[in-house]
Amino acid sequence: IWHVGDISYADDAFLADPLKFGYENRWNEYMQAVEFVAATKPYMVLPGNHEAECHSGFCELDNTLKHKLTNFTAYNHRFRMPAPETGGVENMWYSFNHKNVHFVSINTETDYPNSPNDEYA
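Procedures and definitions
- Residues numbered from 1 in each chain as written.
- Predicted model: local features only at pLDDT ≥ 70, side-chain atom pairs only at ≥ 80, totals over all residues.
- Heavy atoms only, no water.
- pLDDT = per-residue confidence, 0-100.
- Helix = DSSP H or I, 4+ residues; strand = E, 2+ residues; numbered from the N terminus.
- Buried < 20%, exposed > 50% of the residue type's maximum accessible area, 1.4 Å probe, protein only.
- Lys, Arg positive; Asp, Glu negative; His and termini not counted.
- Salt bridge = Lys/Arg side-chain N within 4 Å of Asp/Glu carboxyl O.
- Contact = heavy atoms within 4.5 Å.
- Pairing = 2+ DSSP bridges.
- Expected span 1.5 Å × (residues − 1).
- Bend = angle between axes of the 7 residues up to and from the residue.
- Phe/Tyr/Trp six-rings, centres within 6.5 Å; stacked < 30°, edge-to-face > 60°.
- Patch = residues over 30% accessible without salt bridge, like charges linked within 9 Å, V, L, I, M, F, W, Y side chains within 5 Å.
- Areas by Shrake-Rupley, 256 points an atom, 1.4 Å probe, with all protein chains shown as cover.
- Core = buried A, V, L, I, M, F, W, Y, C linked by side-chain atoms within 4.5 Å.

Caption draft 1: Inspection of the confidence of the model for the chain at higher detail. Confidence along the chain averages 86 in pLDDT terms, with 93% of residues attaining 70 or more. Confidence scores differ between elements of the chain, with helix α3 (residues 63-68) showing the lowest mean pLDDT of 80 and strand β4 (residues 101-105) the highest of 94.

As structure tokens, then:
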């Protein structure tokens, strides 16, 4: 499975309960939901904009929390892609072979002028 971005939509967790900070809970629920598949099949991921955003009022009121959740921390701590082995960086850029196909995973959220998440670069 090649999951290319917008993985758990944790940034929108506040929509279910605006008075509760549910970012981490949403990530945990997602990971539990895909646990069987990810444990039995190759499960490769790439970040999307939802992995580096937090729309909760808690994030808007707390700059420290907002910064922690806008730098792909939750994403990078939950997955281990073959970036070190392929010359990539964290889980953002990597490649892998599957049978006779070579997959190249390129993060489109950071590291170019005016990128959506320039502060990560």
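Moving on from the model shown.
Caption draft 2: Region of interest: the side chain of aspartate 12. In this structure, aspartate 12 sits in the loop between β1 (2-4) and α1 (23-40). Here aspartate 12 occupies a buried position and makes no salt bridge, while the nearest side chain of opposite charge, arginine 26, is found at 6.8 Å. Excluding its chain neighbours within four sequence positions, the residues that come into contact with aspartate 12 are Arg26, His50 and His55.

Caption draft 3: Structural view of the pairing of β4. Pairing analysis gives five bridges linking strand β3 (residues 94-98) to β4, with the strands arranged antiparallel. Directly across from phenylalanine 96, in β4, lies its bridge partner phenylalanine 103. Where β3 folds back onto β4 in an antiparallel hairpin, the turn is made up of two residues, including lysine 99, whose phi is positive at roughly 55°.

Caption draft 4: Main features of unusual backbone geometry. The backbone phi angle of tyrosine 9 is positive, close to 55°, even though this residue is not glycine. Take tyrosine 9: its relative accessible area is 36%, and that puts it in the partly exposed class. In this model, lysine 99 sits at a positive phi of 55°, which is unusual for a non-glycine residue. You can see lysine 99 is positioned in the loop between β3 and β4. Taking the relative accessible area as the measure of exposure, lysine 99 reaches 78% and is therefore exposed.

Caption draft 5: Representation of α1. The first and last C-alpha atoms of α1 sit 26 Å apart over 18 residues, in line with the 26 Å expected at 1.5 Å per residue. Its axis deflected by about 55° at valine 34, α1 carries its strongest bend there. For α1, the full list of buried residues reads Tyr23, Trp27, Tyr30 and Val34. For α1, the elements touching its buried residues are β1 and α4 (73-78).

Caption draft 6: Seen up close, the packing of aromatic side chains. With the rule as written, the count across this model stands at nine aromatic pairs. Between phenylalanine 21 and tyrosine 23, the ring centres sit 6.2 Å apart and the planes meet at 10°, which makes this aromatic pair stacked. In textbook terms, an aromatic cluster arises when at least three aromatic residues are bridged by ring pairs, as seen for Trp2, Tyr94, Phe96 and Phe103.

Caption draft 7: Fine view of a nonpolar patch on the surface. Taken together, the side chains of Ile1, Phe36 and Val37 define a hydrophobic patch exposed on the protein surface, amounting to about 320 Å² of accessible area. Inspection of the secondary structure puts valine 37 in helix α1. Take valine 37: its relative accessible area is 33%, and that puts it in the partly exposed class.

Caption draft 8: Spotlight on the nonpolar core. The biggest cluster of nonpolar side chains holds 24 residues, and the ones touching the most others in it are Ile7, Tyr23, Trp27, Val45, Tyr75, Phe79 and Tyr94. Elements with a minimum of two residues in this core: α1, β2 (44-46), α4 and β3. Examining the composition of this core, we find that four residues originate from one element, α1, more than from any other. With sequence-adjacent residues up to four places away left out, phenylalanine 79 is seen in contact with Ile7, Trp27, Met31, Tyr43, Val45 and Asn91.

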